[in-house]
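# Reading the structure
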Amino acid sequence: MPIENTKFLPEGRIMHRAENRAYISSLSGLERAMRTGAVCEAPAVMCDSRDFSLRVDLGCAVGIIERREAALAGAGEEIREVAVVTRVGRPVCFCVRDIDTTTSPPTAYLSRRDAQRKCVRYYLSGVVPGDIIPATVTHIERFGAFLDIGCGIVSLLPVDAISVSRISHPSERLSVSSRIYVVVSGIDAKNGRINVSQRELLGTWEENAARFEVGQTVSGIVRSIEDYGIFVELAPNLTGLSDPRSGVGVGETAAVYIKSITPSRMKIKLALVGAYRGELLRDLCPPVYFIDPERTGHIDRWRYSPADCQRVIESVFSNK
């Protein structure tokens, strides 16, 4: 069974909740958070150039996260300056360690590291392959998207795990601050990493193909061009093949006529009507999930290919 997580969400998800506002809006609230060990959130507004401590906007007090408390790190590892500086202007999670009421206003000493420790101990240490968890995109590279999977804990979503349809760069599907769901694909206990994937949530071949009919003219994106034809993405997990044509480029928006749909071969035959350089509106929208993460928190197996198809594409999730 998946673990219900309401406390250890990606940073920015609890800042405006009533419980969090009650903790950070008064001195008595901060004292209560300190007594109970609650995980709170508030925006980091400044990084001190001398000691690289973070200043956190608490309103009722000056919040300070010292450099060593800014992130969870291995034994003997020093928190990198860039890891602290890049938190400025963003919500940060923390636990309240101490409050000095002799200053005016009071000074609250906070620890993001303590919040991350709690996240690992009470949440992430219990997730297993197949669990569906929320995440927020924090950084994008060509090889994948870095995600916050809870209290700033980082996981990498590889580019080939974003969708079945191949893309050349994660920015074709995601953007920084995108709120998404992912499925835990594996646990790397040795390195303390949680591996994740998104493509299993974006529908099987049949589920995606059911949205189209022979005879329709629809829009898509040219994803690759081969000698034998042009691959056009109709949906993140569905691609069709058109006959070759000169003057068409990868990344262009294409209008295609659907000639045939063959589930047993996972084939959609297309005729290219036209192509132009432009963006599809759906690329700017959140991903469409065929598995409802609010109702389904875990899957054991996902088969993309139809049952009567000889080519099998599937994901099997195991603790082993």
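Criteria and cut-off values
- Residues numbered from 1 in each chain as written.
- Predicted model: local features only at pLDDT ≥ 70, side-chain atom pairs only at ≥ 80, totals over all residues.
- Heavy atoms only, no water.
- Pairing = 2+ DSSP bridges.
- Helix = DSSP H or I, 4+ residues; strand = E, 2+ residues; numbered from the N terminus.
- Axes fitted to C-alpha atoms, helices over the stretch in contact; angles between N-to-C directions.
- Contact = heavy atoms within 4.5 Å.
- Phe/Tyr/Trp six-rings, centres within 6.5 Å; stacked < 30°, edge-to-face > 60°.
- Buried < 20%, exposed > 50% of the residue type's maximum accessible area, 1.4 Å probe, protein only.

## Remarks on the sheet that holds strand S2 (residues 54-57)
An order of S1-S2-S3-S5-S4 is seen for the five strands of this closed barrel, with the pairing classed as mixed. Along the sheet, successive strands turn relative to each other by an average axial angle of 50 degrees, direction set aside. Strand direction decides the pairing type here: S2 and strand S3 (residues 62-65), joined by four bridges, are antiparallel. Looking at the pairing, Asp57 lines up with Val62 of S3. The strands that helix H2 (residues 27-36) touches are strand S1 (40-47), strand S4 (91-100) and strand S5 (107-111); relative to S4, the one it contacts most, it runs at about 95 degrees. Of the strands in this sheet, S3, S4 and S5 are in contact with helix H4 (residues 112-122), which crosses S4 at around 115 degrees.

## With respect to the packing of aromatic side chains
On inspection of all chains with the given rule, the structure shows four aromatic pairs. Geometrically, the ring pair formed by Phe143 and Phe146 is edge-to-face, given 5.9 Å between the ring centres and 90 degrees between the ring planes. Classification of Phe146 by relative accessible area gives partly exposed; the value is 24%. With a centroid separation of 6.0 Å and an interplanar angle of 90 degrees, the aromatic rings of Tyr228 and Phe231 are classed as edge-to-face. Classification of Tyr228 as exposed rests on a relative accessible area of 53%. Classification of Phe231 as partly exposed rests on a relative accessible area of 24%.

## Describing the environment of Ala189
By the secondary structure assignment, Ala189 is in the loop between strand S9 (179-188) and strand S10 (193-197). Taking the C-alpha atoms as reference points, Ala189 and Ser125, separated by 64 residues in sequence, lie 9.6 Å from one another.

## Side note on the pairing of strand S8 (residues 154-158)
In S8, alternate side chains face the same way, and those of Ser155 and Leu157 are buried while those of Val154, Leu156 and Pro158 on the opposite face are not. Examined bridge by bridge, strand S7 (residues 144-148) and S8 share five bridges and lie antiparallel to one another. In the strand pairing of S8, Leu147 is matched with Ser155. Between S7 and the antiparallel strand that follows it, S8, lie five residues; Gly150 among them carries a positive phi value of about 155 degrees.

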